[in-house]
Amino acid sequence: MASRLTSLKEPFLCFTLWGKRNAELRRVSMTSTIPSAVAKVETPKKLFTPRAVHVQIAHSLPPQKIEIFKSLEGWAEENILVHLKPVEKCWQPQDFLPDPSSEGFNEEVKELRERCKEIPDDYFVCLVGDMITEEALPTYQTMLNTYDGVRDETGASLTSWALWTRAWTAEENRHGDLLNKYLYLSGRVDMKQIEKTIQYLIGSGMDPRTENNPYLGFVYTSFQERATFISHGNTARHAKKYGDLKLAQICGIIASDEKRHERAYTKIVDKLFEIDPDGAVLAFADMMKKKISMPGHLIYDGYDDKLFEHFSSVAQRLGVYTAKDYADILEFLVTRWKVGELTNLSGEGNKAQDFVCTLAPRIRRLDERTHGRAKKTTAIPFSWIHGREVQL
Ligand SMILES: [Fe+2]
Ligand SMILES: [Fe+2]
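Procedures and definitions
Residues numbered from 1 in each chain as written. Chains lettered and ligands numbered in written order. Predicted model: local features only at pLDDT ≥ 70, side-chain atom pairs only at ≥ 80, totals over all residues. Heavy atoms only, no water. UniProt positions renumbered as here; feature names shortened; annotations may be inferred. Phe/Tyr/Trp six-rings, centres within 6.5 Å; stacked < 30°, edge-to-face > 60°. Buried < 20%, exposed > 50% of the residue type's maximum accessible area, 1.4 Å probe, protein only. Helix = DSSP H or I, 4+ residues; strand = E, 2+ residues; numbered from the N terminus. Lys NZ or Arg CZ within 6 Å of the ring centre and 35° of its normal. Contact = heavy atoms within 4.5 Å. Donors = N, O, S within 2.8 Å, 3.2 Å for Na, K, Ca; no water. Salt bridge = Lys/Arg side-chain N within 4 Å of Asp/Glu carboxyl O.

Under an unreviewed UniProt entry, the protein has the name Acyl-[acyl-carrier-protein] desaturase and belongs to Zingiber officinale. The record held by UniProt for the protein lists under Sequence similarities (unreviewed entry) the comment "Belongs to the fatty acid desaturase type 2 family."

Given below as structure tokens:
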């Protein structure tokens, strides 16, 4: 399945090469600064080597378009902030976990561990990967605050955009928290390896190529919220199949948050299509050409230089998140934003429209072709589950 993803050269691939690039970077820095004879023997690894990223483009949205977001302040208050839930009405991780202050805590933990005993390792690899992705939340808040015209300028700004970003972050914060505590109590995973991976990932950041540009940024977040809605929905479905209804409920409740967030972000892009159809379709096509990289694409555990590729392969094989899902999301957004119905576009806009409207079937065809090829069956060890091997 790994070969299937690597050969797809489509949705997931912009990030599968980082291990190689990173190795190249390390090689370059070693030969340029240290005599080769010494380097071969005892050059210590840098304490922290950032993952390799694309050439970075900054501030690609012209100032007059940044003004659009300032003028949408009132609109965002009425149309976007309504998708947040008041804290008092939100679920909290503790609602789904054994209560450590109750007499029955030990018993509840025992039951939890019994319930997930029969769940296979490959499922845990997916759940851990999803949890680690959620836990890198500081990166995503940083990302939102890179976007010109909508960033939280002070850390406590009262603009609608800043209120949204902080409250969205606060809602998202419960996702990693809940999955982390559940996995800790399950006893099925190597928490220290997982914690190291989270630290590496937050330290690495992410490279979605959104160029400080809220047009690109909100296309990206629309896509990503739907992707997480799908993958958490699938882990819920699988947990139910394995008989852990509590875990199914946990994944399901997280998925419903993602769906609500998807509504908000797609609504922002709706508005951009209404005000500036040409700019919006160009942004959509630009992101799809670059391919939507997953937020955890720079994941590393200190051992496996191809960890993201391996995690993605397991997710693909189990049907937690697949190339087909990627094509479905794209198609959903094309329909949601009525891209096919746009008229009076510029020449470039027309090309962008054609590109996004015909892309999903092309991705599916490519996926079917690679699906039909003979697959190598490889199993590799995952540090997250104490080095036990899982089929890719
Ligand atoms: Fe989330
Ligand atoms: Fe989300």
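Asks: Quick rundown of the packing of aromatic side chains? Include the residues and the values.
Replies: In this description, an aromatic ring pair is defined by two values, namely the gap between the centres and the angle between the planes. A full pass over the atoms with the stated rule returns 18 aromatic pairs. On the numbers, 6.1 Å between centres and 85° between planes, the contact of Tyr123 with Phe124 is edge-to-face. Phe124 carries the same exposure label as Tyr123, and that label is buried. Their ring planes at 85° and their centres at 5.0 Å tell us that Phe284 and Trp337 sit as a pair that is edge-to-face. Taken as a pair, Phe284 in helix H13 (residues 277-290) and Trp337 in the loop between helix H15 (323-336) and helix H16 (347-372) lie far apart in primary sequence, 53 residues in all. Judged by relative accessible area, Phe284 falls into the buried class, the value being 0%. Take Trp337: its relative accessible area is 3%, and that puts it in the buried class. One aromatic cluster is present, formed by Phe69, Tyr147, Trp161, Trp164, Trp168, Tyr215, Phe218 and Tyr265 through successive ring pairs. The residue whose ring lies beneath Arg174 is Trp91, and the NZ or CZ to ring-centre distance is 4.1 Å.

Asks: Go over the side chain of Thr165 with me, naming the residues and quoting the values.
Replies: As for its placement among the helices and strands, Thr165 is situated in helix H9 (residues 160-186). Not counting residues within four places of it along the chain, the set of residues in contact with Thr165 comprises Gln141, Leu144 and Asn145.

Asks: A description of the coordination of the iron ion (ligand 2) should follow, citing residues and the corresponding values.
Replies: Note on the iron ion (ligand 2): its protein donors are Glu172 (OE), Glu225 (OE) and Glu258 (OE). The metal-donor distances range over 2.0 to 2.1 Å. Donor residues for the iron ion (ligand 2) sit on one chain with the sequence pattern E-x52-E-x32-E. Taken as an interatomic distance, the gap from the iron ion (ligand 2) to the iron ion (ligand 1) is 3.4 Å; Glu172 donates to each of them. Taken together, the positions of Glu172 in helix H9 and Glu225 in helix H11 (residues 214-241) put the pair 53 residues apart, joining distant regions of the chain. Of the two residues examined, Glu172 and Glu225, each falls in the buried class.

Asks: Quick one: what's the story with the pattern of salt bridges, residue by residue and with numbers?
Replies: As enumerated under the stated definition, the model contains 22 salt bridges in all. In this structure, Lys259 engages Glu262 in a salt bridge whose closest nitrogen and oxygen atoms are separated by 3.3 Å. Taken as a pair, Lys259 and Glu262 lie in helix H12 (residues 245-275) at a separation of three residues, close to a single helical turn. For Lys259, a relative accessible area of 19% translates into the label buried. Arg336 is paired through a salt bridge with Asp270; the nearest N and O atoms lie 2.6 Å apart. Taken together, the positions of Arg336 in helix H15 and Asp270 in helix H12 put the pair 66 residues apart, joining distant regions of the chain. Assessed through its relative accessible area of 28%, Arg336 is described here as partly exposed. Overall, Asp270 belongs to the partly exposed group, its relative accessible area being 23%. Overlapping salt bridges, with partners in common, bring together Glu171, Arg174, Asp257 and Arg260 in one network.

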